[in-house]
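Descriptive analysis of the structure
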Amino acid sequence: MEKGPFSVEWLAQSSRCGAREMPDTPSVPADSPRDREAAERRSPGHEAVPAGPAPGRSRTKFSAAQLQELERSFREQRYIGAGEKRRLAAVLNLSQSQIKTWFQNRRMKFKRQTQDAR
């Protein structure tokens, strides 16, 4: 197979080293672990393994009592102030960023519901 511009090999090489043209000598030996892994992924019958969720915070599962209090607060005022955010965070044992995010998501849900009702 030709290793001209826009071939799979050329694109892989150029993305690795940031070069615009195919170098005369490969910067990574052909027997490198990266090349072996890539060859295994391309081999017939090899299924790609999903990477899984990105590392970080897992999804918060709110309790019924937390949701009830958050909904009550949302009915009173759609935009939460700093003081109310601190109070809710302390009462519900959640972080202020979780409260802020819940309100943002709830406003979007409210917006979708009102648009769908029209």
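So, a few notes on the structure that sits alongside this text. (Residues numbered from 1 in each chain as written. Predicted model: local features only at pLDDT ≥ 70, side-chain atom pairs only at ≥ 80, totals over all residues. Heavy atoms only, no water.)

1. What about the overall build of the chain?
- The secondary structure content of the chain amounts to five helices and zero strands.
- On the chain, roughly 9800 Å² of surface is accessible, and the fraction owed to carbon and sulfur atoms is 52%. (Helix = DSSP H or I, 4+ residues; strand = E, 2+ residues; numbered from the N terminus. Areas by Shrake-Rupley, 256 points an atom, 1.4 Å probe, with all protein chains shown as cover.)

2. Some remarks on the packing of helix α4 (residues 82–92) against helix α5 (residues 96–117)
- In contact at an axis separation of 8 Å, α4 and α5 are set at 110° when each is read in the N-to-C sense. The orientation of α4 with respect to α5, classified from their angle, is roughly perpendicular. Handedness of the α4/α5 crossing: right-handed. For the pair α4 and α5, the contacting residues are K85, R86, L88, A89 and L92 in the first and Q96, I99, K100 and F103 in the second.
- Residue classes in the contact of α4 with α5 are distributed as five nonpolar, one polar and three charged. (Axes fitted to C-alpha atoms, helices over the stretch in contact; angles between N-to-C directions. Parallel < 35°, antiparallel > 145°, perpendicular 65-115°, else oblique. Left-handed = near helix turned anticlockwise from the far one by under 90°. Contact = heavy atoms within 4.5 Å. Nonpolar A, V, L, I, M, F, W, Y, C, P; charged D, E, K, R; others polar.)

3. What to know about the pattern of salt bridges
- Under the definition given, this model contains five salt bridges.
- E71 is the partner of R106 in a salt bridge, and the nearest nitrogen-oxygen pair spans 3.0 Å. Here the residue R106 occupies a position in helix α5, and E71 occupies one in helix α3 (residues 64–76), the gap between them amounting to 35 residues.
- Residue E76 pairs with R72 through a salt bridge whose shortest N-O separation is 2.4 Å. (Salt bridge = Lys/Arg side-chain N within 4 Å of Asp/Glu carboxyl O.)

4. Side note on unusual backbone geometry
- Backbone geometry places N93, a non-glycine residue, at a positive phi of 55°.
- Taking the relative accessible area as the measure of exposure, N93 reaches 69% and is therefore exposed. (Buried < 20%, exposed > 50% of the residue type's maximum accessible area, 1.4 Å probe, protein only.)

5. Considerations on the nonpolar core
- Of all hydrophobic cores here, the largest spans eleven residues; its members are F62, L70, F74, I80, L88, A89, L92, L94, I99, W102 and F103.
- Elements with a contribution of two residues or more to this core: α3, α4 and α5.
- The residues contacting L70, other than those within four sequence positions of it, are F62, L88, L92, I99, W102 and F103. (Core = buried A, V, L, I, M, F, W, Y, C linked by side-chain atoms within 4.5 Å.)

6. Section: α5
- Its 22 residues place the ends of α5 32 Å apart at the C-alpha level, agreeing with the 32 Å of an ideal helix rising 1.5 Å per residue.
- Turning to α5, its buried residues are Q98, I99, W102, F103, R106 and R107.
- Tucked into the core, α5 has its buried residues touching α3 and α4. (Expected span 1.5 Å × (residues − 1).)

7. Observations regarding the packing of aromatic side chains
- Following the criterion strictly, the structure yields four aromatic pairs and no others.
- Here the aromatic rings of F74 and F103 are separated by 6.1 Å at their centres, their planes lie at 55°, and the arrangement is tilted. Placement of the pair is F74 in helix α3 and F103 in helix α5, with a sequence separation of 29 residues.
- Under the relative-accessibility criterion, F74 is labelled buried at 4%.
- Relative to F103, the ring of W102 lies with its centre 5.3 Å away and its plane at 75°, an arrangement referred to as edge-to-face. Here W102 matches F103 in class, with each residue buried. (Phe/Tyr/Trp six-rings, centres within 6.5 Å; stacked < 30°, edge-to-face > 60°.)

8. Description of the packing of α3 against α4
- For the pair α3 and α4, the least separation of the axes is 11 Å and the interaxial angle reads 165°. Taken as axis vectors, α3 and α4 run roughly antiparallel relative to one another. As α3 packs across α4, the resulting crossing turns out to be right-handed. In contact with Q66, E69, L70, R72 and S73 of α3, α4 contributes E84, R87, L88 and L92.
- Residue classes in the contact of α3 with α4 are distributed as three nonpolar, two polar and four charged.

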